[in-house]
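Each chain is listed here by its residues.
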Protein chains: 2
Amino acid sequence: MIYAGILAGGVGSRMGVTEMPKQFLPVAGKPVILYTIESFLQCSRIDHIYVAVVSDYVSHMKGLLNSEFGVCDRITVVEGGSDRNGSIVNVISTIRRTDSDPDSVLITHDAVRPFVSPRIIDENIDAAIEFGATDTVVPATDTIIRSADDEYIDDIPVRSELYHGQTPQTFRIGWFEQDYFALSEEQKKTLTDACRIFTLSGRRVRLVMGDAFNLKITTPFDLRLAEAIVAERSDKK
Amino acid sequence: MIYAGILAGGVGSRMGVTEMPKQFLPVAGKPVILYTIESFLQCSRIDHIYVAVVSDYVSHMKGLLNSEFGVCDRITVVEGGSDRNGSIVNVISTIRRTDSDPDSVLITHDAVRPFVSPRIIDENIDAAIEFGATDTVVPATDTIIRSADDEYIDDIPVRSELYHGQTPQTFRIGWFEQDYFALSEEQKKTLTDACRIFTLSGRRVRLVMGDAFNLKITTPFDLRLAEAIVAERSDKK
């Protein structure tokens, strides 16, 4: 089975202008998260979609889904965890009520990346089935600098080997269960990225190429950019 | 003495829509590079400004400077090199006709980063005088992933230690002369970043914090963003 987990657990502190978590802010009149969910609904290979939202917004989220999609038995809202992996744990424990297959695949995605393409979703699913885990990336265009002390350069890694992480991150659920629950509480706090856990556990994580439209909406500027993308796409229809 | 080197040697292939190097494209009717040069003219600590442009554009550049600033004895146009460091070499050899002090400081800057602030310029000069070399950076906000084979993740470095490189890069001219001319021709081709040369030579390069406005204009989208920044600033005046 193939499941999607839309991760909207966070409250977001970078937007500044608003109290509302950024995934609920409107773009062309529609909350960001509904664009994201639509992108996954359109993929018929996905058996079920879980949306993890912070507890205060569970009923708000259910209301949004109801008014946008009506009665839809492919979507379930679950309560988010204290961090990204906590939300994944909650999604998996909901999945485990009906499916114990370790090879079932979970495609996890940031709620605030609404413009993920069908190609990216498909390639994530294919790569997770074939290789076990995959991460969506784009090549780095800036020079990246490493400094442990925030004062002097330690190292300027070769740019051609560097990528920016996007999402989806997609994996066999059994892998996550094995690796995450083997971590100490201390490690759980620091290892907030699922692919980082796999990598540190010695597993090979396959790359899938993302694209520039798969942007993460974290600032007021990103919201304006999203408005421009939606306007351009509706012009083309 | 303190010199600025505005590096506009490149022809730019990412813009796509135009044959003209991006540093000459207009923002609110004025070529990008003139905004950049103005940012340095406003700093009275800088004794002289060298602008390195690709040879075909030397006379075009002189014409722009003349019509924007009139007769200005603080600016000299020099021919750019085949890469970034080649342009720096040409600037330094021009400086060396009149100044042989190894401790003279050169603040190098991308021509396509027009909105560098007075604070960033000042802190670059201060840090280069005190520490010998400095690089302008902003903290990384995305997860960065390293993959040598473009297929599997090798490593996900700790994000809190990572930065995006901007410019200026500022240094004692004697340091550059010592380190760059010690490289083989092969190394010169791969080490296109001055601070990377210093780091590999075992020198400590100090960090100066940049900011989001100090963006590099490399795509049509960046040009529109630059238009928005100029419009907002003229509103505030």
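Numbering of residues starts from 1 in every chain and runs along the sequence as written. Each chain is given a letter, starting from A, and each ligand a number, starting from 1, according to the order in which they appear as written. Local features are withheld for residues below a pLDDT of 70 in this predicted model, meaning they are given only at 70 or higher, and side-chain atom pairs are given and counted only at 80 or more; totals for whole chains, interfaces and linings count all residues. Computation of side-chain values covers all heavy atoms of the structure but excludes hydrogens and water.

Draft legend 1. Here's a closer look at the packing of aromatic side chains. Between the rings of Phe, Tyr and Trp (Trp by its six-membered ring), a pair exists once the centres lie within 6.5 Å; its type follows the angle of the planes, with under 30 degrees stacked, over 60 edge-to-face, and the other angles tilted. If you walk through the whole model with that rule in mind, you get 18 aromatic pairs over all chains. Centroid distance A:Y35 to A:F115: 6.2 Å. Interplanar angle 65 degrees. Geometry classified as edge-to-face. Note that A:Y35 is positioned in helix α1 (residues 32-41) and A:F115 in the loop between β6 (105-110) and α4 (118-131), a separation of 80 residues in sequence. Its relative accessible area of 6% is what places A:F115 among the buried residues. When the ring of B:F24 is compared with that of B:Y57, the centres are 5.0 Å apart and the planes differ by 15 degrees; the resulting orientation is stacked. A helix here means a DSSP run of H or I that spans at least four residues, while a strand means a run of E at least two residues long, and both kinds are numbered starting from the N terminus. Here the term buried applies to any residue with accessible area under 20% of the maximum for its type, exposed to any over 50%, and partly exposed to those in between, with areas from a 1.4 Å probe on protein chains only.

Draft legend 2. View of the environment of B:K30. Within the element layout of this structure, B:K30 appears in strand β3 (residues 30-31). Once residues within four sequence positions are removed from consideration, B:K30 is found in contact with B:L25, B:Y35, B:E38 and B:E68. Two residues qualify as a contact provided that any one of their heavy atoms is within 4.5 Å of a heavy atom in the partner residue.

Draft legend 3. Quick look at the interface of chain A and chain B. The interface is formed by 38 residues belonging to chain A together with 38 residues belonging to chain B. We define buried area as the total accessible area lost by two parts upon association, computed with a 1.4 Å probe and summed across both. Overall, the association of chain A and chain B removes approximately 3,700 Å² of surface from exposure, summing both partners, and the carbon and sulfur fraction of that is 55%. It is A:I145, A:Y152 and A:I153 that lose the most area in chain A upon contact with chain B, and together they represent 17% of the buried surface on that side. Salt bridge, as applied in this entry: a Lys or Arg side-chain nitrogen positioned within 4 Å of an Asp or Glu carboxyl oxygen. The interface formed by chain A and chain B holds four salt bridges in total. One salt bridge in this structure joins B:E151 and A:R206, with 3.7 Å as the shortest N-O distance. Under this definition, polar contacts are N or O atom pairs within 3.5 Å; protein pairs additionally need one hydrogen-donor-capable and one acceptor-capable atom, and for neighbouring residues in sequence, both atoms have to be side-chain atoms. At the boundary of chain A and chain B, one finds 20 residue pairs in polar contact (both at pLDDT 80 or more). Listing elements by their share of the side of chain A that touches chain B, those giving two or more residues are β7 (133-139), β8 (144-146), β9 (162-172), α7 (194-200), β10 (206-209) and α8 (220-236) of chain A. Per-class residue counts for the side of chain A that touches chain B are 18 nonpolar, six polar and 14 charged. Where β9(A) and strand β8 (residues 144-146) of chain B come together, three bridges link them in antiparallel fashion. Side-chain classes are defined by residue name, with Ala, Val, Leu, Ile, Met, Phe, Trp, Tyr, Cys and Pro counting as nonpolar, Asp, Glu, Lys and Arg as charged, and the others, Gly among them, as polar. At least two DSSP bridges between two strands are required for those strands to pair.

Draft legend 4. Representation of the state of the cysteines. The disulfide criterion used throughout: a pair of cysteine sulfur atoms within 2.5 Å. All told, the structure shown has zero disulfides over all chains when counted by the stated rule. Here A:C43 stays unpaired: no disulfide links it, and the sulfur of A:C72, its closest cysteine neighbor, is 14 Å away. For B:C195, which is in no disulfide, the shortest distance to another cysteine sulfur is to B:C43 and amounts to 18 Å. The exposure class of B:C195 is buried, given its relative accessible area of 0%.

Draft legend 5. Region of interest: the pattern of salt bridges. By the definition in use, this model includes 26 salt bridges over all chains. In this structure, B:D155 engages B:R146 in a salt bridge whose closest nitrogen and oxygen atoms are separated by 3.7 Å.

Draft legend 6. Spotlight on the relation of the copies chain A and chain B. For the match of chain A to chain B, the screw axis carries a shift of 0.0 Å, the RMSD comes to 0.0 Å, and the turn is 180 degrees. The relationship between the two copies is best expressed as a two-fold rotation axis. Residue A:I144 of chain A places its C-alpha closer to the rotation axis than any other residue of that unit, at 4.4 Å. A shared interface surface links the copies, since 100% of the contact residues of chain A are contact residues in chain B too. Superposing the copies works by least squares over the C-alpha atoms of residues that have pLDDT at least 70 in both of them.

Draft legend 7. Here's a closer look at unusual backbone geometry. Looking along the chain, the bond that leaves A:T167 and enters A:P168 is cis, with omega of 15 degrees. Notably, B:D150 is not glycine yet its phi reads approximately 65 degrees, a positive angle. Among the structural elements, B:D150 can be located in the loop between β8 and β9 (162-172). Assessed through its relative accessible area of 41%, B:D150 is described here as partly exposed.

Draft legend 8. Summary view of the side chain of A:D179. All names here are of chain A. Residue placement: D179 occurs in helix α5 (residues 173-180). Using a relative accessible area of 8% as the deciding quantity, one classes D179 as buried. Reaching out from D179, the side chain makes a polar contact with the side chain of S201 at a distance of 3.4 Å. In this structure D179 touches I197, F198, S201 and R203, once residues within four positions along its chain are discounted.

Draft legend 9. Structural context of helix α3 (residues 84-95) of chain A. All names here are of chain A. How far a helix is expected to stretch is found by multiplying one less than its residue total by 1.5 Å. Helix length check: α3, at twelve residues, gives a terminal C-alpha distance of 17 Å against a target of 16 Å (1.5 Å per residue), a fit within 8%. Listed in full, the buried residues belonging to α3 are N85, G86, S87, I88, V89, V91, I92, T94 and I95. Measuring from the side-chain oxygen of the N-cap residue of α3 to the backbone nitrogen of N85 gives 3.3 Å; that N-cap residue is D83.

Draft legend 10. Layout of the confidence of the model for chain A. Residues and elements named next belong to chain A. The predictor's confidence in any single residue is recorded as pLDDT, a number from 0 to 100. For chain A, the mean per-residue pLDDT works out to 92, and 95% of the residues sit at or above 70. Note that pLDDT drops below 50 for residues 12-18; the model gives that stretch twelve contacts with residues more than four away or on any other chain. Scored as a complex, the prediction yields pTM 0.83 and ipTM 0.88.

Draft legend 11. Spatial organisation of the packing of helix α1 (residues 32-41) of chain B against helix α2 (residues 58-69) of chain B. Residues and elements named next belong to chain B. For helices, the fitted line uses only the C-alpha atoms of the stretch in contact; every axis is such a line through C-alpha atoms, and the angle between N-to-C directions lies from 0 to 180 degrees. α2 packs onto α1 with a crossing angle of 60 degrees between their chain directions and a minimal axis gap of 11 Å. Classified by the angle their axes make, α1 and α2 are oblique. Crossing of α1 over α2 shows right-handed handedness. Seen from α1, the contacting residues are I33, L34, I37, E38 and L41; seen from α2, they are M61, L64, L65, E68 and F69. Split into classes, the residues belonging to the contact of α1 with α2 amount to eight nonpolar, no polar and two charged. Geometric relationships in this document are graded by angle, where less than 35 degrees denotes roughly parallel, more than 145 denotes roughly antiparallel, 65 to 115 denotes roughly perpendicular, and other angles denote oblique. By convention the crossing between two helices is left-handed if the near helix lies anticlockwise of the far one by an angle smaller than a right angle, and right-handed if it lies clockwise.

Draft legend 12. Fine view of the packing of helix α3 (residues 84-95) of chain B against helix α5 (residues 173-180) of chain B. Residues and elements named next belong to chain B. It is the contact of α3 with α5, at a shortest axis distance of 11 Å, that shows an interaxial angle of 125 degrees. In terms of orientation, α3 lies oblique with respect to α5. Classified by chirality, the crossing of α5 by α3 is left-handed. Along its contact with α3, which presents N85, G86, I88, V89, I92 and I95, the element α5 presents I173, F176, E177 and Y180. Across the contact of α3 with α5, the residue classes break down as seven nonpolar, two polar and one charged.

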